[in-house]
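Reading the structure
Below, each chain spelled out in residue letters.
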Amino acid sequence: MFQYEKPDNAKMIKVGINGKDWSVPEGLTMIQAMWYTGHEVIHGIGCLGGVCGACAAVYRMPGDFHLHNALACQTLVKENMAFSLIPSFPSQRADYKIETIADTKEELFKLYPESATCRNCNACTEVCPQGIDVRDAVWRSVFGDFKGVTEGTMSCVMCGLCVSRCIAEMAPHEIALYARRAYGSQELKFPDNLLHRMEKIQSGDFDAELSRLLSLSPEMLKSECEVK
Amino acid sequence: MSPDQKESLPLYANLPNFITDEPPALTSEQRMALLNRYYPDYRPEGKTTLRVGANRGNVVPEEIANILETRSRLLHPEKVERPSAPDADVDLLIIGGGGAGITAALFAKETGASVLVATKLRIGDSNTVMAEGGIQVALGDDDSPAQHLKDAYRGGHFTGDTELLSVLVREGPEVISWLVKKGVLFDRDAHGNLALRKGGGTTRPRLISAKDYTGLELVRVLKEDLLNSGIPIWAFSPAVELLEGPDSSCAGAVLLDVDSGKFKWVKARAVMLATGGTGRLHIGGFATSNHFGATGDGLGMAYRMGAPLLHMESFQYHPTGVIYPSEMAGMLITEAVRGAGARLYNKDGKRFVNELETRDVVASAIIRECSEGRGVRTGAGHFGVYLDLSAIDREMGEGTVARRFPNILKLMSKHDVDCSTHPILVYPTLHYQNGGISADKEGRTPIDHLYVAGETTGGLHGKNRLMGNSLLEVLVFGHRVGLSAAKAGMSRKPFSWQEVGFGHVERFEQALDSEFHGVVRPEGPLLFPDYRRNTSGDSA
Ligand SMILES: Cc1cc2nc3c(=O)[nH]c(=O)nc-3n(C[C@H](O)[C@H](O)[C@H](O)COP(=O)(O)OP(=O)(O)OC[C@H]3O[C@@H](n4cnc5c(N)ncnc54)[C@H](O)[C@@H]3O)c2cc1C
Ligand code: SF4
Ligand code: SF4
Ligand code: FES
């Protein structure tokens, strides 16, 4: 099906997958290159759309000492690329109930004491496939700027690649999730429009109209629904 | 992107001149004729009549028949014996870890029930995490639950279940409030209210979203709470069969541990299916926007137990799925780009449909162009039409695409296409399963103690779903069904493991034998699509 068709005149290129060399047509993503070469991939695939973070991968290019990371469902293989999937990177996650925390800024240091030990190496930022300034988010969390964390990290796909590199061994994405939840749950005011609508629903303001609609004949209901 | 990269994508070497003249407006007769002729649901090819089961006689796509009229993995290739004791024994087994399953689990736990969640991939790897657009909830001063119901009913071509819809619209605000308290970050307006945008087919602005990461934001938060809840989670353990208890009731399920290859047996006093949609069946050969596990497993398992399905001929094809670069085939380009002024052109550079027509009309028009020879051929042999976003920047100012659609721009640029200057090639993509397992407002199916919620159900939306109503459905019914299924499980009369079996599977197999006389039927559920090449790779 769609996923491995070889385009007309596609050039064949060499890639290394989990330490073995293969030749695949140009223009495939890493995951598609794995399918093309007959790999069954289950750990390492989720959405195939670049949002679930299941397909974290590490790769190297020849003659380049840099270690690169990417989302394998979104990244095209290149000539002589060598890659492996890292479908799961274990990380520490705190257990809390965000609604019940009295001082969310203080609590961060109980839940994630390691957040204060960032050594500014910036490896997390360099590795992030979403282009998030992860180091900045960690510092903002530590200083209690949860709004800033929110603005900087909404696109985090929780792939865990930042954890894989952190020399302070923390899980920046979990810390950022805590900070965003604290901001949304406690710092932002509960939205008025939602509050008022719930009060009206609870006091039954809409019930009569809904029951009236349900009691109509299909034809009557249809004519009420037509946009005039 | 550098100029030579552009040229290296062969389709950009000789683009036609794009002629911006408006396409002729459609009369409502022309619109109906277009739909009848080209919309995949209405076309006769690729359809078949079901011969076995509760929907015997219904005409459905062949791919659907191939997951319903299937052989059981428990009986083939060799019969599996039921072990002397189950691997788990719970009040409620929830099958599927997307939005509906996670929500249900969190509420079920509050009743004190013992709950187990089994899912195919990791928790949260689902269609839910992919949702970009938002959630419909009637919050505006000029809006009401009744108005929401009317829009949804009209959007479903007057085939939706009004009772289910009334639950959906009435309970929406409450479940959204549950999310806000958990810290889900919906966009706010200047006064701190939930910002309301207008979505397709609605008469009021009522779409709330978390930038274009609505599903991701939901899943990140709810998944964290589920992982912290103490509820046991069996990941990479898809269900392959339901189990039958006393009086043809549902009494648990058999799961497949994909790593060990072993079956796991779960005795459950209630079972909830939340297995989501069917995009990965590639119905009609269409690409899909759905996640890797969307293979309709719940439909097949429930059908084998005798549960009736509704509207299984009805699917939503989103008009603008990427078809080139072909490695991105199926990925959605949001409707909002057409709202902002993006244009569709055929191979001759002519516009052929008003871009603001409804999804089904635009999809049909694209299919018409391609089947009448006015599509653009991709290197991989597919056809598509040009979706040109550059008009947005021309009309609304340089940089608009970058500001409003950063995610599309980012994703396309990873594939060497600058979509603010170059067209994307699109073709309709299989997006949503409108129909599914029939259930009442507590998620009860006609099979005793079998509950369902989410995209795997049918009825609520009728034959067409409006954007934003499915996430709401997943939340509202996840909540409701989680509670009612947990309570039903806890209060159920005790039965022993010896009373549990798969008599329903044997009966279904017999029905297949007598209808198909030796014709080989596929095994089900499918579990995973297989995109590997038949031959092994060209080892270097
Ligand atoms: C790209 C995209 C964009 C969308 N945008 C929107 C939007 O903006 N607004 C909106 O309202 N809706 C949107 N939708 C639709 C909406 O996201 C889905 O309909 C909804 O999330 C379905 O939720 P669910 O829990 O029923 O299924 P899912 O979220 O798909 O969850 C089902 C889960 O069950 C698992 N599973 C499958 N089979 C088995 C098995 N045999 N055993 C165990 N587990 C199994 C799956 O792997 C998955 O984890 C979008 C859908 C897609 C694909
Ligand atoms: S912040 Fe970390 S977990 Fe989030 S996307 Fe970046 S690397 Fe992945
Ligand atoms: S990788 Fe760890 S130590 Fe380095 S900057 Fe990021 S959070 Fe700080
Ligand atoms: S598979 Fe979900 S991000 Fe790649």
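Here the structure is a predicted model, which is why all the values come from computation and not from measurement.

The next subject is the sheet that holds strand S18 (residues 436-438) of chain B. Residues and elements named next belong to chain B. Read from one edge of the open sheet, three strands run S12-S18-S20, paired in mixed fashion. With one partner strand each, in any of the chains shown, strand S12 (309-310) and strand S20 (457-458) form the two edges of the open sheet. Relative to S18, S12 runs antiparallel, the two being bridged by two bridges. From the neighbouring strand, Leu309 faces S18, where its bridge partner is Ile437.

On to the interface of chain A and chain B, then. Of the residues lining the interface, 82 residues belong to chain A; the matching set on chain B comes to 79 residues. Taking both partners together, chain A and chain B bury about 7300 Å²; carbon and sulfur atoms supply 61% of that area. There are four salt bridges connecting chain A and chain B. Linking B:Arg170 and A:Asp207 is a salt bridge whose minimum nitrogen-to-oxygen distance equals 3.0 Å. Residue assignment for the side of chain A that touches chain B shows that the elements contributing at least two residues are strand S1 (12-17), strand S2 (20-25), helix H1 (30-36), helix H5 (146-153), helix H7 (172-187), helix H8 (192-202), helix H9 (207-215) and helix H10 (218-225) of chain A. Broken down by element, the side of chain A that touches chain B gets its largest block of residues, seven residues, from H7(A). Grouping the amino acids of the side of chain A that touches chain B by side-chain chemistry returns 42 nonpolar, 20 polar and 20 charged.

With that settled, the discussion passes to empty space enclosed by the protein. All names here are of chain A. Per the stated rule, a full pass over the model turns up six cavities of 30 Å³ or more. In this structure, the largest cavity encloses a volume near 140 Å³. Cys128, Ile132, Cys156, Cys162 and His173 are the residues nearest the centre of the largest cavity, which is lined by 18 residues in total. Of all the elements in the fold, those that place two or more residues in the lining of the largest cavity are helix H4 (134-142), helix H6 (161-165) and H7. Considering each element in turn, the lining of the largest cavity owes the most residues, four residues, to H7. Residues of the lining of the largest cavity, tallied by class, amount to 13 nonpolar, four polar and one charged.

Turning to the pairing of strand S13 (residues 315-324) of chain B, a few remarks are in order. Residue and element names in this part refer to chain B. Of all ten residues that make up S13, ten are buried, and the element is covered over most of its length. Relative to strand S17 (residues 424-433), S13 is paired through seven bridges, and the arrangement is antiparallel. Within the sheet, the bridge partner assigned to Tyr324 lies in S17 and is Leu425.

On to the site of ligand 1. All names here are of chain B. As a structural note, the neighbourhood of ligand 1 is formed by 40 residues, with Asp125, Thr128, Glu455, Ser470 and Leu471 the closest of them. In the model, an oxygen atom of ligand 1 is placed 3.5 Å from a nitrogen or oxygen of the Ala274 main chain. Across the complex, the protein chains shield 98% of the 1000 Å² of accessible surface that ligand 1 would expose by itself. Looking at the shell around ligand 1, the elements that each hand over two or more residues are helix H4 (99-110), helix H8 (297-304), S17 and helix H14 (469-490). Residue composition of the shell around ligand 1, by class: 13 nonpolar, 21 polar and six charged.

Since the α-helix turns once every 3.6 residues, residues separated by three or four places project in the same direction. Under the 1.5 Å per step criterion, the end-to-end length of helix H7 (residues 214-228) of chain B is 22 Å for 15 residues, consistent within 8% with the ideal 21 Å. Taken from the residues just after H7(B), B:Gly230 is the one with a positive phi, measuring 85°.

Right, let's talk about the domain arrangement of chain B for a bit. All names here are of chain B. Partitioning chain B into domains gives domain 1 (3-38 + 318-431) and domain 2 (89-314 + 434-491). Distance between the C-alpha centres of domain 1 and domain 2: 31 Å. Of the residues lining the interface, 16 residues belong to domain 1; the matching set on domain 2 comes to 17 residues. Counting the surface lost from both domain 1 and domain 2, the interface buries some 1200 Å², and carbon and sulfur atoms represent 48% of this. Considering only the side of domain 1, the residues that lose the most area to domain 2 are Asn407, Leu430 and His431, jointly responsible for 44% of the buried surface there. Taken together, the connections running from domain 1 to domain 2 amount to eight residue pairs in polar contact (both at pLDDT 80 or more). At the level of elements, helix H10 (359-371), helix H13 (406-413) and S17 are the ones that each hand at least two residues to the side of domain 1 that touches domain 2. For the side of domain 1 that touches domain 2, the per-class residue count stands at seven nonpolar, five polar and four charged.

Residues and elements named next belong to chain A. The assigned domain composition of chain A is domain 1 (12-85) and domain 2 (98-187). On the side of domain 2, seven residues touch domain 1, which itself brings eleven residues to the contact. Interface area, domain 1 with domain 2, both sides summed: about 630 Å², of which 58% is carbon and sulfur. Across the contact surface, domain 1 and domain 2 share zero salt bridges. At the boundary of domain 1 and domain 2, one finds two residue pairs in polar contact (both at pLDDT 80 or more). Among the secondary structure elements, those contributing two or more residues to the side of domain 1 that touches domain 2 are strand S3 (56-60) and strand S4 (68-71). Here the residues of the side of domain 1 that touches domain 2 sort into seven nonpolar, four polar and no charged.

Turning our eyes to something else, we now look at the side chain of B:Glu244. All names here are of chain B. For Glu244, the location among the structural elements is in strand S9 (residues 239-244). At a separation of 2.6 Å, a polar atom in the side chain of Glu244 contacts the side chain of Arg507. Those residues in contact with Glu244, other than ones at most four positions away along the chain, are Ser249, Ala251, Met305, Glu499, Val500, Gly501, Gly503, His504 and Arg507.

This part covers the nonpolar core. In summary, soluble globular proteins display a tendency toward joint burial of nonpolar side chains. By size, the foremost hydrophobic cluster in this structure holds 88 residues, and its most contacted members are B:Ile64, B:Leu93, B:Leu242, B:Leu273, B:Val337, B:Leu344 and B:Leu389. Broken down by element, this core gets its largest block of residues, seven residues, from H10(B). Split by domain, this core shows at least three residues from each of two domains, domain 1 (3-38 + 318-431) and domain 2 (89-314 + 434-491) of chain B. Apart from the residues lying within four places of it in its own chain, the contact partners of B:Leu242 are B:Ile95, B:Cys250, B:Gly252, B:Ala253, B:Val271, B:Leu273, B:Met301, B:Ala302, B:Met305, B:Leu450 and B:His504. A:Ile31, A:Ala33, A:Trp35 and A:Val134 belong to the second largest nonpolar core, which has 69 residues in total.

Residues and elements named next belong to chain B. The two faces of strand S5 (residues 115-118) match: Val115 and Val117 on one face and Leu116 and Ala118 on the other face are all buried. Bridge analysis of strand S4 (residues 88-95) against S5 gives four bridges, and the strand direction is parallel. Bridge assignment links Ile94 to a residue of S5, and that residue is Val117. Across two bridges, S5 lies against strand S8 (residues 233-234) in parallel orientation. Bridged to Ala118 within S8 is Trp234.

Cut-offs used in this document
Residues numbered from 1 in each chain as written. Chains lettered and ligands numbered in written order. Predicted model: local features only at pLDDT ≥ 70, side-chain atom pairs only at ≥ 80, totals over all residues. Heavy atoms only, no water. Pairing = 2+ DSSP bridges. Helix = DSSP H or I, 4+ residues; strand = E, 2+ residues; numbered from the N terminus. Contact = heavy atoms within 4.5 Å. Buried area = accessible area lost by both parts, 1.4 Å probe. Salt bridge = Lys/Arg side-chain N within 4 Å of Asp/Glu carboxyl O. Nonpolar A, V, L, I, M, F, W, Y, C, P; charged D, E, K, R; others polar. 1 Å grid on protein atoms, 1.4 Å probe; cavity = no way out; pocket = protein on both sides within 12 Å on 5 of 7 lines; lining within 4 Å. Points joined across faces, edges and corners; volume = space filled by probe spheres on them. Buried < 20%, exposed > 50% of the residue type's maximum accessible area, 1.4 Å probe, protein only. Near = heavy atom within 4 Å. Polar contact = N/O pair within 3.5 Å; in protein donor to acceptor, adjacent residues only side chain to side chain. Areas by Shrake-Rupley, 256 points an atom, 1.4 Å probe, with all protein chains shown as cover. Expected span 1.5 Å × (residues − 1). Domains from an automatic or database assignment. Core = buried A, V, L, I, M, F, W, Y, C linked by side-chain atoms within 4.5 Å.

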